[in-house]
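# Working through the structure, step by step
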Amino acid sequence: MAGNPLLNSMTKPKGDPRFGQFGAGGTSAAHPYGQQTYGNYQQPQYGQNPYGQQQHAQPTAEELNQMYGAGTAGPADTNRLTINDVIVKTGLNLGIVVLGAVIGWAFPALMFVGMIAGLALGITNAVKKKVSPALVMAYSFAQGLLVGGISGLFETMYPGIVVQAVLATLIVFATVLTLYSSGKIRATAKMTRFFMIATISYLVFALINLGSALFFGFDMRSDITIMGIPLGLIIGLFAVLLATYSLLLDFTNVSEAVKMGQPERESWRLAFGLIVTLVWLYIEILRVVYFVRSMADN
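Residues numbered from 1 in each chain as written. Predicted model: local features only at pLDDT ≥ 70, side-chain atom pairs only at ≥ 80, totals over all residues. Heavy atoms only, no water.

### As for the overall build of the chain
- Looking only at helices and strands, the chain features 11 helices and two strands.
- Beginning at the N terminus, the succession of helices and strands in the chain can be written as α-α-α-α-α-α-α-α-α-β-β-α-α.
- The long-range share in the chain, meaning contacts at least 24 apart out of those at least 6 apart in sequence, stands at 72%.
- Total accessible area on the chain stands at roughly 18400 Å², and carbon and sulfur atoms take up 67% of it. (Helix = DSSP H or I, 4+ residues; strand = E, 2+ residues; numbered from the N terminus. Contact = heavy atoms within 4.5 Å. Areas by Shrake-Rupley, 256 points an atom, 1.4 Å probe, with all protein chains shown as cover.)

### So, helix 11 (residues 266-297)
- Taking 1.5 Å as the rise per residue, helix 11 with 32 residues should run 46 Å; its terminal C-alpha atoms sit 47 Å apart, in good agreement.
- Burial analysis of helix 11 places 23 of its 32 residues in the buried class, the great majority of the element. (Expected span 1.5 Å × (residues − 1). Buried < 20%, exposed > 50% of the residue type's maximum accessible area, 1.4 Å probe, protein only.)

### Section: the pattern of salt bridges
- Considering all chains together, one arrives at three salt bridges under this definition.
- Between Arg269 and Glu266 there is a salt bridge, with its nearest N and O atoms 2.8 Å apart. Taken together, the residues span about one helical turn, with Arg269 and Glu266 both in helix 11 at a distance of three residues.
- Among the residues examined, Arg269 registers a relative accessible area of 23% and is labelled partly exposed.
- Of the residues examined, Glu266 reaches a relative accessible area of 17% and is grouped as buried.
- A salt bridge links Arg287 to Glu284; its shortest N-O distance comes to 3.6 Å. Placement of the pair is Arg287 and Glu284 together in helix 11, with a separation of three residues, close to one helical turn.
- In this structure Arg287 comes out as partly exposed when scored by relative accessible area, which is 28%.
- In this structure Glu284 comes out as buried when scored by relative accessible area, which is 2%. (Salt bridge = Lys/Arg side-chain N within 4 Å of Asp/Glu carboxyl O.)

### Side note on unusual backbone geometry
- Phi is positive for Met227, close to 55°, though the residue is something other than glycine.
- Locating Met227 in the fold gives a position in the loop between strand 1 (225-226) and strand 2 (229-230).

### Points about the nonpolar core
- One finds Ile150, Ile161, Tyr282, Ile285 and Leu286 to be the most contacted residues of the largest nonpolar core, which totals 55 residues.
- Those elements giving two or more residues to this core turn out to be helix 4 (83-106), helix 5 (110-127), helix 6 (133-157), helix 7 (161-181), helix 8 (189-216), helix 10 (231-259) and helix 11.
- Sorting elements by how many residues they give to this core places helix 11 first, with 16 residues. (Core = buried A, V, L, I, M, F, W, Y, C linked by side-chain atoms within 4.5 Å.)

### Remarks on the packing of helix 10 against helix 11
- Two elements in contact, helix 10 and helix 11, have axes whose closest approach is 9 Å; the angle formed by their N-to-C orientations is 160°. Taken as axis vectors, helix 10 and helix 11 run roughly antiparallel relative to one another. For the element pair helix 10 and helix 11, the recorded crossing hand is left-handed.
- A per-class count over the contact of helix 10 with helix 11 returns 20 nonpolar, seven polar and two charged. (Axes fitted to C-alpha atoms, helices over the stretch in contact; angles between N-to-C directions. Parallel < 35°, antiparallel > 145°, perpendicular 65-115°, else oblique. Left-handed = near helix turned anticlockwise from the far one by under 90°. Nonpolar A, V, L, I, M, F, W, Y, C, P; charged D, E, K, R; others polar.)

### Topic: the confidence of the model for the chain
- Looking at the chain, pLDDT values average 82 and 74% of them are 70 or higher.
- Confidence scores differ between elements of the chain, with helix 1 (residues 5-9) showing the lowest mean pLDDT of 45 and helix 6 the highest of 97.
- A low-confidence stretch, residues 1-41 (pLDDT under 50), is modelled with 43 contacts involving residues beyond four sequence positions or located in other chains.
- Here residues 68-77 scores under 50 on pLDDT; set against residues more than four positions off or in separate chains, the count is four contacts. (pLDDT = per-residue confidence, 0-100.)

### Thoughts on the packing of aromatic side chains
- Counting across every chain of the model gives seven aromatic pairs.
- Taking 5.1 Å as the distance between ring centres and 70° as the angle between the ring planes, the aromatic pair formed by Tyr139 and Phe272 counts as edge-to-face. Taken together, the residues span a long stretch of sequence, with Tyr139 in helix 6 and Phe272 in helix 11 at a distance of 133 residues. Side by side, Tyr139 and Phe272 carry an identical accessibility label, which is buried.
- With centroids separated by 6.3 Å and ring planes inclined at 35°, the aromatic side chains of Tyr180 and Phe251 adopt a geometry described as tilted. Taken together, the residues span a long stretch of sequence, with Tyr180 in helix 7 and Phe251 in helix 10 at a distance of 71 residues.
- Among the residues examined, Tyr180 registers a relative accessible area of 12% and is labelled buried.
- Phe251 sits in the buried class, given a relative accessible area of 9%.
- Members of the aromatic cluster, connected to one another through ring pairs, are Phe154, Tyr158, Tyr290 and Phe291. (Phe/Tyr/Trp six-rings, centres within 6.5 Å; stacked < 30°, edge-to-face > 60°.)

In structure tokens form, the structure reads like this:
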């Protein structure tokens with residue numbers, strides 16, 4: 001093939017000015033296929049490969065990066081969300097909740113501060129596009145004040161009720177986590193729509209009942225009974241089911257966020273969602289245990 005006149009006619013002459021300093025001084029030799037060699041480097045002949053690879057082999061990603069100047073993966077590419085990130089952030093915020101609960105237990109009046117601050121911080125964290133770790137931890141502390149104050153009041157009426165509620169909350173959490181991890185239960189679109197409607201309805205009932213208790217002294221949870229069962233117990237059991245499904249949604253969100261490769265910072269948002277659900281679940285279980293024990297006393 002070296003004597004092919006067509007290929008010979010394609011050979012570039014020495015010192016072609018189009019190749020700048022590498023081709024103008026005669027220091028490079030003409031290549032039989034119309035390409036220029038540079039300096040002391042001699043381009044291998046057709047069909048030969050100095051690296052022992054098959055000819056026409058596809059370049060690797062590293063070679064492409066070197067050829068086109070592409071950089072290596074930066075922090076934005078490698079600092080991805082993991083399950084451990086969510087566990088650490090959730091554990092940290094649970095510790096803050098416990099700290100706030102100890103203070104709220106000692107000073108029950110602070111539960112009103114925790115309730116108002118928790119509501120404001122909860123809405124802020126929910127609508128904020130960029131999660132703020134400081135606001136998430138502040139929310140956890142405010143919820144701790146609320147939980148501590150409420151727990152102290154219930155404990156004075158029924159000693160040991162707080163331990164019962166904590167154990168029941170842990171059992172529900174562990175059960176849902178185990179069933180979800182094993183694939184036994186999954187959140188569905190139909191159930192999620194029902195959950196949203198039921199949760200909104202429950203919140204409306206809670207607000208109406210709060211207004212009735214404050215202005216008229218009538219608590220629908222305790223004063224209304226159905227076949228001798230307080231309405232509060234029925235509503236409480238229903239709320240526990242809602243909070244349990246909310247926990248399932250939280251696990252689903254964590255799993256999907258990890259699969260999507262979201263940034264590590266999102267672990268704070270996921271931890272915030274878990275804290276909201278766990279506090280809600282604990283308070284509802286506390287109320288259910290209260291109604292059960294009050295019925296047992298009567």
